[in-house]
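Coordinate inspection notes
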Amino acid sequence: MALGLKCGGTLEERAQRLFMTKGKHLRELDPSMFTKTKPSKTSSKSRDAERQKEIAIFEAQLYRFVEILSEQRAATRENVQRKQARTGEEREESDEEHFSEDDSDDDDDDVPYNPKNLPLGWDGKPIPYWLYKLHGLNINYNCEICGNYTYRGPKAFQRHFAEWRHAHGMRCLGIPNTAHFANVTNIEDAVALWQKIKSNKEDERWKPDLEEEYEDSAGNVVNKKIYDDLKRQGLL
C-alpha cells in the first residue's frame, strides 16, 4: 500500500500479485498492478512543513551568530569609519607607528627581560619565579672535587655525583667514585674518608700468621706463627 500497489481482491489474487512482484523492481511491474489514486495533499503539506522547519533552524543559527559577533562587527565598523575619516598623512603615520611597534616587539623577544637571572625555558623565556623557588634553583652548591663548579638546585647537585666531571675529579685523587663518597664535596674530607676505609679493610683482611690454626701431637691448637717457632725449636 505504501508503494502504491493494489491490495484488494480475493486471497488468491493477492497471492498472485505478491508472487509477480518477487525479484522485480517497481519499474518492471505491470502498470495494472498499481492503484490510480491521486497523491494525497497531506504528504505535500508534511514536506512543506519539514522544509519550513529546516529554514527556521538555519535562520535561528544565523541570528545567534549575529548576536555572538555583534561586538566584533561594531568594533570593525568603527575602525573602518575612523580610517576613512583620516587623511593620507595620518594614515602613513599610523602605519609607521604600527611597524615600529612590531620591531620593538621583535627586539623584546630577542632579549627577554630577566632581572633575576632565571633559567630559560623551552620557549626561550625565563621560567616563572614560583617554579624557580619550587625546584630550589635559588640554592647554589659548590663542589671542590669538580674544580669549585657551582650547581643550581638539589636535583642537579645530587645528579652530578654520577656524572663525568665528578668522576674525573675522584680519579685524579686516586679515589674510587663509590657510594661511600656520596655528598662529599671537599678534597680533604674525601681523602680522610678514603684513608679510613683502607684502614678498615686492612683490619678486616685475613691474616694467616695469626688466624690460621694448627694442632700439635699433644692436641694443643696454636696459630701458624707459634707453630713454626715451636717446630724450629724442636719442641713438637
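Predicted model only: the values in this text are computed from it and were never measured.

Points about a nonpolar patch on the surface
- Together, F65, I68 and L69 give the surface a local cluster of nonpolar side chains, amounting to about 300 Å² of exposed area.
- Relative to the helices and strands, L69 resides in the loop between α2 (41-68) and α3 (70-85).

Notes on the side chain of H160
- In this structure, H160 sits in the loop between α6 (153-159) and α7 (164-172).
- A distance of 3.4 Å separates a polar atom in the side chain of H160 from a polar atom in the side chain of H166.
- Ignoring sequence-local partners within four residues, the contact set of H160 consists of C143, C146, Y151 and H166.

Overview of the packing of aromatic side chains
- Within the structure shown, the criterion is met by five aromatic pairs.
- With centroids separated by 4.7 Å and ring planes inclined at 20°, the aromatic side chains of Y141 and F157 adopt a geometry described as stacked. Within this pair, whereas Y141 is found in strand β1 (residues 140-143), its partner F157 is found in helix α6, the two being separated by 16 residues in sequence.
- Aromatic ring contacts, followed pair by pair, group Y141, F157 and F161 into a single cluster.
- Across the ring face of Y149, the terminal group of R165 is positioned such that the distance to the ring centre comes to 4.0 Å.

Section: a negative patch on the surface
- Taken together, the side chains of E89, E90, E92 and E93 define an acidic patch exposed on the protein surface.
- Considering the arrangement of structural elements, one finds E92 in helix α4 (residues 88-110).

About the criteria used
- Residues numbered from 1 in each chain as written.
- Predicted model: local features only at pLDDT ≥ 70, side-chain atom pairs only at ≥ 80, totals over all residues.
- Heavy atoms only, no water.
- Patch = residues over 30% accessible without salt bridge, like charges linked within 9 Å, V, L, I, M, F, W, Y side chains within 5 Å.
- Areas by Shrake-Rupley, 256 points an atom, 1.4 Å probe, with all protein chains shown as cover.
- Salt bridge = Lys/Arg side-chain N within 4 Å of Asp/Glu carboxyl O.
- Helix = DSSP H or I, 4+ residues; strand = E, 2+ residues; numbered from the N terminus.
- Polar contact = N/O pair within 3.5 Å; in protein donor to acceptor, adjacent residues only side chain to side chain.
- Contact = heavy atoms within 4.5 Å.
- Phe/Tyr/Trp six-rings, centres within 6.5 Å; stacked < 30°, edge-to-face > 60°.
- Lys NZ or Arg CZ within 6 Å of the ring centre and 35° of its normal.
- Lys, Arg positive; Asp, Glu negative; His and termini not counted.
- Charge placed at Lys NZ, Arg CZ, Asp CG, Glu CD.

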